[in-house]
Amino acid sequence: MLHRGIKINFAHRTFQWNNKGKGVAGVHCVIIDFSLFNLKKSKIYSYDDVEDEARQANIVSEINPYLVDAPYVVIERRRQPLRNVKSIAFGSMPNDGGYLLLDDHEKNKLLEQ
């Protein structure tokens, strides 16, 4: 859409949609107004908490796809690092010989302290 010149004129950042039914799913929404022209005064509606009402509407010069007041810059996916660095081989796997892992007894003792 961005490559075709479509602009974002206003956006509601993430908020929670509710209804009064029983056992309803938790649904988070964003609302985005798209057009082929740019308004002089675009608006971004922000929420302190997804369950609250909109805090305020900020008037901004431009809304990018990340729903912030910034130029249209999109971070593209890449499979190779930008520089010649070691690859991440283990991700978030604990690889410290078990020294940072706690059993329930150790965790509870630490929390008491």
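Presented here is a report on the structure given in the accompanying data block. Given the structure is predicted, the values throughout are model-derived calculations rather than measurements.

Structural notes on the nonpolar core
Logical step 1: Of all hydrophobic cores here, the largest spans 6 residues; its members are Ile 8, Ala 11, Ile 44, Val 60, Ile 63 and Leu 67.
Logical step 2: Filtering out sequence-adjacent residues up to four positions away, Ile 44 remains in contact with Ala 11, Arg 13, Gln 56, Ala 57, Asn 58, Val 60, Ile 63, Leu 67, Val 68 and Asp 69.

Here we look at the environment of Lys 43
Logical step 1: The topology assignment puts Lys 43 in strand E3 (residues 42-46).
Logical step 2: Judged by its relative accessible area of 33%, Lys 43 falls in the partly exposed class.
Logical step 3: Placed 12 residues apart in sequence, Lys 43 and Ile 31 show a C-alpha to C-alpha distance of 12 Å.
Logical step 4: Once you skip the residues sitting within four places of it in the chain, Lys 43 turns out to touch Asn 9, Phe 10, Ala 11, Ala 57, Asn 58, Ile 59, Val 60 and Ile 63.

Comments concerning the packing of aromatic side chains
Logical step 1: Enumeration according to the criterion identifies 2 aromatic pairs in this entry.
Logical step 2: Ring geometry for Phe 10 against Tyr 45: centres 6.4 Å apart, planes inclined by 85°, an arrangement best described as edge-to-face. A residue pair is termed long-range when its members are at least 10 positions apart, and Phe 10 in strand E1 (residues 7-17) and Tyr 45 in strand E3 qualify at 35 residues.
Logical step 3: The class of Phe 10 is partly exposed, set by a relative accessible area of 31%.
Logical step 4: Taking the relative accessible area as the measure of exposure, Tyr 45 reaches 21% and is therefore partly exposed.
Logical step 5: Between Phe 15 and Tyr 47, the aromatic rings sit 5.4 Å apart at their centres with planes inclined by 25°, giving stacked as the arrangement. A residue pair is termed long-range when its members are at least 10 positions apart, and Phe 15 in strand E1 and Tyr 47 in the loop between E3 and strand E4 (56-60) qualify at 32 residues.
Logical step 6: Tyr 47 gets classed as buried once you look at its relative accessible area, which sits at 17%.
Logical step 7: The residue whose ring lies beneath Lys 7 is Tyr 72, and the NZ or CZ to ring-centre distance is 5.1 Å.

Notes on the pairing of E1
Logical step 1: Strand direction decides the pairing type here: E1 and strand E2 (residues 27-35), joined by 8 bridges, are antiparallel. Residue pairing for E2: Phe 10 is matched across the bridge by Asp 33.
Logical step 2: Where E1 and E3 come together, 3 bridges link them in parallel fashion. The residue of E3 that forms the bridge with Ala 11 is Ile 44.

Thresholds applied
- Every chain's residues receive numbers from 1 upward, in the order its sequence appears when written.
- Reporting of local features is limited, given that this is a predicted model, to residues whose pLDDT is at least 70; pairs of side-chain atoms are given and counted only at 80 or more, and all residues count toward the totals for whole chains, interfaces and linings.
- Note that water and hydrogens are dropped before the side-chain values are worked out from all heavy atoms of the structure.
- In this description, a nonpolar core means a group of buried Ala, Val, Leu, Ile, Met, Phe, Trp, Tyr and Cys residues linked to one another through side-chain atoms lying within 4.5 Å.
- Exposed residues in this analysis have more than 50% of their type's maximum accessible area, buried residues have under 20%, and partly exposed residues fall in between, with area computed by a 1.4 Å probe over protein chains only.
- Here, residues are in contact when the closest pair of their heavy atoms is within 4.5 Å.
- Think of it this way: any DSSP run of H or I at least four residues long counts as a helix, any run of E at least two long counts as a strand, and we number them from the N terminus.
- Side-chain rings of Phe, Tyr and Trp (the six-membered ring for Trp) are treated as a pair once their centres are within 6.5 Å; stacked means planes under 30 degrees apart, edge-to-face means over 60, and tilted covers the remaining angles.
- By definition here, charges over rings are those cases where NZ of Lys or CZ of Arg is within 6 Å of the ring centre and within 35 degrees of the ring normal.
- Two strands pair if DSSP finds at least two bridges between them.

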